[in-house]
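Below, each chain spelled out in residue letters.
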Amino acid sequence: MPPKKRNSGTTQTKELKPSVKSASPDKKESPEFSVRKHREKDAEFVTLCKSLQVTDAVCDRAWMLWKTVQETMEDSPGTKKNIWGACLYVTVTDLDDASFTLTQVQKEVDMNVKQFLALVRRMDVNLDIISTRVNSVMTRLEKKYDVSLALYQRFEKICKKIFLDSGAKEKETLQSCWTMFLLAKGRALQMEDDLVISFQLLLCTLEFFIKRCPPDLLQPLYQSAVSKAHSPPTRTSRRNQSKAKPRLPESEVDVLLLEALCKENECSIEEVKNVYQTTFSAFLESVDVSKSPDLPQANDLSKQYEEHYLKSRDFDGRLFLDGDKTLLPPKLEIMQVERTPKKNLQEEDPVMIPPQTPVRAALNSIKQLRIDLTSCGDQPSSNLAMYFKNCTVDPTNEIIKRVETLGQVFGQRFAQAVGPRSLVLGKQRYTLGVRLYYRVMESILKSEEKRLSVQNFSKLLNESTFQTSLLACALEVVMATYGGNSFKTGGYNHGNGGDPIETDFSFPWILDVFNLTAFDFYKVIESFIKAEPSLSKDIVKHLESCEHLIMETFAWRTGSPLFELLKQMCEEGQAEQVEIPSNFNQPLQHNHTAADLYLSPMRPNTRVLPPSEPSVIPGSQSVSQGLIQPVLQGASQTPRPPKSNSLSLFYKKLYRLAYMRLKMLCSYLLSAHPELEPIMWTLFQHTLQHEYELMKDRHLDQLMMSAMYAICKVKNIDLRFKTIVTAYKNMPNTNQETFKRVLITEDQYDSIIVFYNQVFMQKLKSNILQYASPRPPTLSPIPQIPRSPYKFPSSPLRVPGSNNVYISPLKSPRVSQGNMTPRSRMLVSIGESFGPSNKFQKINQMVNSSDRSFKRTLDLGSNPKPLKRLRFDVDGQDESDGSKTGGDSTLIQRLAEMSSTRSRMQEQKMKEDAELRKE
């Protein structure tokens, strides 16, 4: 059975047993622990069990786990007591039968959170030591701890600007404020690990305390803010006063004070005010402090938080205030922290500035997103409306109706995840997504108009799947920006076929909200990135990771249109055309747009006959289908079976991703047998192309590890699955469910070993045995591994105002680093091959003093024919046709003359200035 979905810890089906230090008086006592039943166990272990008040069953199971760990772990990751505590924690978590919290066991074994969780993960060397349930709980805990630590560090900095250092009174106020925030976060938010919403809730809590604090405790800025907020109102008659309604909790917020807090912390006042009026006000009512003008009692708050903490079974957030070592972050050497030197400090030692905190990084990303979308409206722009009117079938009403309908669905699902009172907050984020959606749609249409010289995009704009995918991608950008990239799981913690481990907004949450298939969403990602140049590097990287997740697992779920396309290819005898092996070594850059992938999934034969005997496909000249290139065919010729653009591009990217992961795993395990890698790739590639049904509801890496084990088996190489799995866990973006929970048959899951024996081996047995014969199958070509097509700064960029001038970063600098800066490390390629590398350096010297925007353009007469593609990733080629020229071209000579003239003018000016100073 798949693991049960766990909430953030606010509710639990079972009552927590009495804790070591405190327990609710009306809870039933747990079964008495019998020391005599455990005489054969280590006395210290038994003492630890007794102090944590575990049951006899927990003690027995934890001891068995300790024995297993002791036998399998070659090097001990900690003391005996450390490992005993980890075994007890794993056992009670697996059984959902805890009598202690994480903090309590940490104190017993003297470890902080990071150390303890790292120890538990290091114990997971066997396939069955740690269950997926334990892994999900630890993942949630680690993320919650990271968020809580970041928030507390921010809380300390803010309080220094708010409160005066007045000793015990200030300390008591801070303690009450932080405890109330923890209580509000635990009760009001279903997602305690949401960084941005939690921070907004923290600002609400600070506002609540500031306006109730004595003025002598506040810094001048907030003294003035409170005095303005509390200025006496205008006089009203007694009659009006008697008829006035009681003040609602929503009216308690002091807007001026909240504005001062938001301005100081660069946070959106609208969003924080909404959190206050809905979530925080409801919390104040629940603890019955909303109408009191005094500060709440610290003991009362602490007692209420104690109950929540005991139910959640994790760490005690109040201990941040005491600097308790169980919550101290890991110590970092000063040289390990990334620092940036201040500018304009040449003679003195540069002042080092630490990197942004997670809260600051998240707030800056949100602020930049809101700034970028300020000029965008909630409705289609006039240019976009013109595109709509030019369509054969005007899509305006359908688009607006779809946006409204999906907005209601989004708001409901957002409220389910965050809390029932967060509908307005979800609407605010949806509005940002809609603005980005309209903006990117307009950019895509402008690009298509320029590419095809048409203005009628009726078929594309009336394509519901395209429109939904584009809106979903815009919302994914918004949700990822608000999610805080430092703590996002990126979707890698979602099990295969099971429920998500966490209730968060990580991909593919948006697909589930819109009932959109991953394969359809995949088609729009690349066009979206290219159409929106303002996307940050983090967001581009996030969308690229979404694309990888789709190729690895989500596109292969039951019901995916990918299987229908593959089925059509097989029925038409075109399975071998999924991806032509000869294309493996071609650069990944291509001219496919979202319009190509959504409107023309079937690509006809592109052979064009001489003009004397043309035969135009019916409808190809239709303006409404202008996005499909006209194709000419001979009347007497039989056209080749069609091929899917979307399927071909998907498989091209899939093969490259699959090979990169296989190559990485081979580097870990088989560096002594490099000859096996191409053989493993051949089997892997054959499986993806001809036995693609094995991917249904499974993960790409499951087939990869199975192919590796199969080839080692037939080649008599001693490589066990345990070794493969251990190395696999060191790869980036992996999840233990990939090898612990593999689909065997319908609704039956088991380990990857069972999958190999019962499914993979049975399906490919005859093919695998061929590699043991003296005449093995022909090896598949190795795909070229180019740079990511989304890392645009590493790709050739066209210089504005020119048709044949491109710029590209210097890949391997051959000049002194002291003479280079991030701005000047640029080279220029001018549409032809240069030969010796020193010619690149000459041009580089010329543009060193130029502005990167290249506002000045070169007047070189008639423009040469622009290239379709520059193959910068292929050694020795700078043109699409790979041609070479000898000697310096006229353009290079002209550039050199310009550089020389500029140098002479600068020297002359320096001489004149020097003479003037002498005079």
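Look above for the structure.
Reading guide: rules and limits
Residues numbered from 1 in each chain as written. Predicted model: local features only at pLDDT ≥ 70, side-chain atom pairs only at ≥ 80, totals over all residues. Heavy atoms only, no water. Helix = DSSP H or I, 4+ residues; strand = E, 2+ residues; numbered from the N terminus. Expected span 1.5 Å × (residues − 1). Buried < 20%, exposed > 50% of the residue type's maximum accessible area, 1.4 Å probe, protein only. Contact = heavy atoms within 4.5 Å. Phe/Tyr/Trp six-rings, centres within 6.5 Å; stacked < 30°, edge-to-face > 60°. Lys NZ or Arg CZ within 6 Å of the ring centre and 35° of its normal. Salt bridge = Lys/Arg side-chain N within 4 Å of Asp/Glu carboxyl O. Axes fitted to C-alpha atoms, helices over the stretch in contact; angles between N-to-C directions. Parallel < 35°, antiparallel > 145°, perpendicular 65-115°, else oblique. Nonpolar A, V, L, I, M, F, W, Y, C, P; charged D, E, K, R; others polar.

Brief notes about helix α26 (residues 676-690)
(1) Moving on: Helix length check: α26, at 15 residues, gives a terminal C-alpha distance of 21 Å against a target of 21 Å (1.5 Å per residue), a fit within 8%.
(2) Moving on: The buried fraction of α26 amounts to twelve of the 15 residues, a majority that puts the element mostly inside the structure.
(3) Moving on: The elements touched by buried residues of α26 are α25 (645-669), α27 (700-714) and α30 (752-770).

Some details on the packing of aromatic side chains
Two numbers describe a pair of aromatic rings. These are the distance of the centres and the angle of the planes.
(1) Moving on: Scanning the model with the defined rule gives 45 aromatic pairs in all.
(2) Moving on: Judged by centre distance (6.2 Å) and plane angle (80°), the rings of Phe-208 and Phe-280 are edge-to-face. Within this pair, whereas Phe-208 is found in helix α8 (residues 195-210), its partner Phe-280 is found in helix α12 (residues 269-286), the two being separated by 72 residues in sequence.
(3) Moving on: Judged by its relative accessible area of 0%, Phe-208 is buried.
(4) Moving on: Here Phe-280 falls in the buried class, since its relative accessible area comes to 0%.
(5) Moving on: On the basis of an interplanar angle of 40° and a centroid distance of 5.4 Å, the ring pair of Phe-410 and Tyr-430 is categorised as tilted. Note that Phe-410 is positioned in helix α16 (residues 396-418) and Tyr-430 in helix α17 (residues 423-452), a separation of 20 residues in sequence.
(6) Moving on: The class for Phe-410 is buried, based on a relative accessible area of 0%.
(7) Moving on: Following the ring pairs from residue to residue traces out a cluster consisting of Phe-519, Tyr-522, Trp-556, Phe-563, Phe-650, Tyr-651, Tyr-655, Tyr-659, Trp-681, Phe-684 and Tyr-692.
(8) Moving on: Directly above the ring of Tyr-598 sits Lys-523, whose terminal nitrogen or CZ lies 5.3 Å from the centroid.

Points about the pattern of salt bridges
Opposite charge on two side chains makes pairing possible when the charged atoms of those side chains draw close.
(1) Moving on: On inspection of all chains with the given rule, the structure shows 32 salt bridges.
(2) Moving on: A salt bridge links Lys-696 to Glu-693, with the shortest nitrogen-to-oxygen separation between them at 3.5 Å.
(3) Moving on: For Glu-693, a relative accessible area of 42% translates into the label partly exposed.

What about the packing of helix α23 (residues 561-571) against α25?
(1) Moving on: Where α23 meets α25, the axes come as close as 10 Å, and the angle between the chain directions of the two elements is 105°. Between α23 and α25, the crossing angle belongs to the class labelled roughly perpendicular. Contacts between α23 and α25 involve Leu-562, Leu-565, Leu-566 and Met-569 from the former and Ser-646, Leu-647, Phe-650 and Tyr-651 from the latter.
(2) Moving on: Split into classes, the residues belonging to the contact of α23 with α25 amount to seven nonpolar, one polar and no charged.

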